[in-house]
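The residues making up each chain are set out below.
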Amino acid sequence: MNNSKIETIKQHAKTLKLCSLNENIDIFLKDAELKDSSYQEFLFNILEGEIKAKDKKAQEKRLKMAGFPIKKIIEDFDFNFQKSITKKQVNRLLEMDWIDKVYNLIFLGPPGVGKTHLSIALGYKAVEMGYRVTFTSMDNLIYSLKTQEISRKSKGKVNKIYSSDLVIIDEIGYLPITREEANLFFQLISSLYEQASIIITSNKGFEDWTELLGDPALTTAILDRLTYKCDLFNMTGKSYRLEHRESFLQG
Ligand code: ADP
Ligand code: MG
């Protein structure tokens, strides 16, 4: 095939947004020649390349949208150190059908026991499997809820949360919140109820949530919705950070 024809095909591919064909046409042609592919095989390879490229792009976009602060994977989680949750349980969760069935997960426990690690690792896997995920700290969430009417960025974040399949709310309980903030939080949890799965991490046990949220009735209403279809992990043990503290000077 002559070069000007190839250029025209590339242009057409671009117009039709067939990125893989646009970028790899030379490879497709050479490969077909080399393997003496049938027309059917040739066409199949081109279309499959296109689908793979689109899937990859969509996944990268979902990952960016999820807003994870750092990458954490299950493979790096030491189940011998943290025995409150088993590898078997986590493997079951990694199948992600709890998201389809709109179950929630709650990880409670003191700092450093792996609550955020597990939440992010599950979120990452969910993104890989095609789910829309949003990760947010509780602080950031409250800020976005409070400023959504005056800030486009906050509005965008709240909208993103509402269109997620899984919302991860990290670190409930580190900072106390006002009555008004607790109300906004309740409204969010109510709206997400049975629409999206929620992962919550908290350093406070449920008995301390009333003090945190300021109102017993509101706290009960929030906990009711969160825990109705939910797996709760009370994570105990030592802080991984403290046990594995690294010293710069002592190497
Ligand atoms: P938490 O959210 O419970 O305060 P993190 O999940 O942030 O704790 O964990 C603190 C640090 O220790 C992170 O760097 C995390 O990757 C690591 N970590 C915690 N638990 C484990 C574990 N069981 N195996 C491997 N790393 C862990
Ligand atoms: Mg944490």
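These numbers come from a predicted model, not from an experiment.

With that out of the way, let us pick up the overall build of the protein. A tally of helices and strands in the protein yields 12 helices and five strands. Taken over the C-alpha trace, the protein has a radius of gyration of 24 Å; the compact-globule value for 251 residues is 18 Å, which it surpasses by more than 25%. If you line up the protein on its principal axes, its C-alpha atoms span 75 × 50 × 40 Å. Per-residue burial over the protein gives 42% buried out of 251 residues. Total accessible area computed for the protein in this model is approximately 15600 Å², and 53% of it derives from carbon and sulfur atoms. Taken as two groups, the 36 positive and 34 negative side-chain charges of the protein have centres that lie 3 Å from each other.

A few words on the site of ligand 1. Around ligand 1, the surrounding shell holds 15 residues, and the nearest of these are Asp78, Gly112, Lys115, Thr116 and His117. Bound to the protein, ligand 1 loses 87% of the 560 Å² it would expose on its own. Counting only elements with at least two residues in the shell around ligand 1, the list comes to helix 6 (115–128) and helix 12 (240–243). Counting residues per element, the shell around ligand 1 draws most heavily on helix 6, which supplies three residues. Within the shell around ligand 1, the residues separate by chemical class into five nonpolar, five polar and five charged.

With that settled, the discussion passes to the nonpolar core. Among the nonpolar cores identified, the biggest contains 31 residues, and Ile169, Phe185 and Ile200 are the most heavily contacted of them. For this core, the secondary structure elements donating two or more residues are strand 1 (104–108), helix 7 (138–147), helix 8 (152–162), strand 3 (166–172), helix 9 (179–192), strand 4 (197–202), helix 10 (209–213) and helix 11 (216–227). For this core, the element with the highest residue contribution is helix 9, accounting for seven residues. Excluding residues that lie within four positions of it along the chain, Ile200 makes contacts with Leu105, Ile106, Phe107, Ile169, Ile172, Phe185, Trp209 and Leu226. Of all hydrophobic cores here, the second largest spans 30 residues; its members include Ile74, Leu94, Met96 and Ala121.

The next subject is helix 2 (residues 19–35). Over its 17 residues, helix 2 runs 23 Å from end to end, which matches the ideal 24 Å to within 8%, given 1.5 Å per residue. At Ile25, helix 2 shows its maximal bend, which comes to roughly 70 degrees. Among all positions in helix 2, only Ser20, Leu21, Asn22, Ile25, Phe28 and Ala32 are buried. Looking one or two residues past helix 2, Asp36 carries a phi angle of roughly 50 degrees, positive in sign.

This part covers the sheet that holds strand 3. With respect to topology, five strands assemble into an open sheet ordered 2-3-4-1-5, the strand pairing being parallel. Looking at strand neighbours, the two that pair on one side only are strand 2 (133–137) and strand 5 (230–234), the edges of this open sheet. Strand-to-strand, the axes of this sheet are offset by a mean angle of 10 degrees, without reference to chain direction. On top of the sheet, helix 9 reaches strand 3 and strand 4; it is set at about 150 degrees to strand 3, its chief contact. Where helix 11 meets the sheet, it contacts strand 1, strand 4 and strand 5, and its direction lies at approximately 115 degrees from that of strand 1.

What counts and what doesn't
- Residues numbered from 1 in each chain as written.
- Chains lettered and ligands numbered in written order.
- Predicted model: local features only at pLDDT ≥ 70, side-chain atom pairs only at ≥ 80, totals over all residues.
- Heavy atoms only, no water.
- Helix = DSSP H or I, 4+ residues; strand = E, 2+ residues; numbered from the N terminus.
- Rg over C-alpha atoms; globule rule 2.2 N^0.38 Å.
- Buried < 20%, exposed > 50% of the residue type's maximum accessible area, 1.4 Å probe, protein only.
- Areas by Shrake-Rupley, 256 points an atom, 1.4 Å probe, with all protein chains shown as cover.
- Lys, Arg positive; Asp, Glu negative; His and termini not counted.
- Charge placed at Lys NZ, Arg CZ, Asp CG, Glu CD.
- Near = heavy atom within 4 Å.
- Nonpolar A, V, L, I, M, F, W, Y, C, P; charged D, E, K, R; others polar.
- Core = buried A, V, L, I, M, F, W, Y, C linked by side-chain atoms within 4.5 Å.
- Contact = heavy atoms within 4.5 Å.
- Expected span 1.5 Å × (residues − 1).
- Bend = angle between axes of the 7 residues up to and from the residue.
- Pairing = 2+ DSSP bridges.
- Axes fitted to C-alpha atoms, helices over the stretch in contact; angles between N-to-C directions.

Read these as geometric descriptors, not functional statements.
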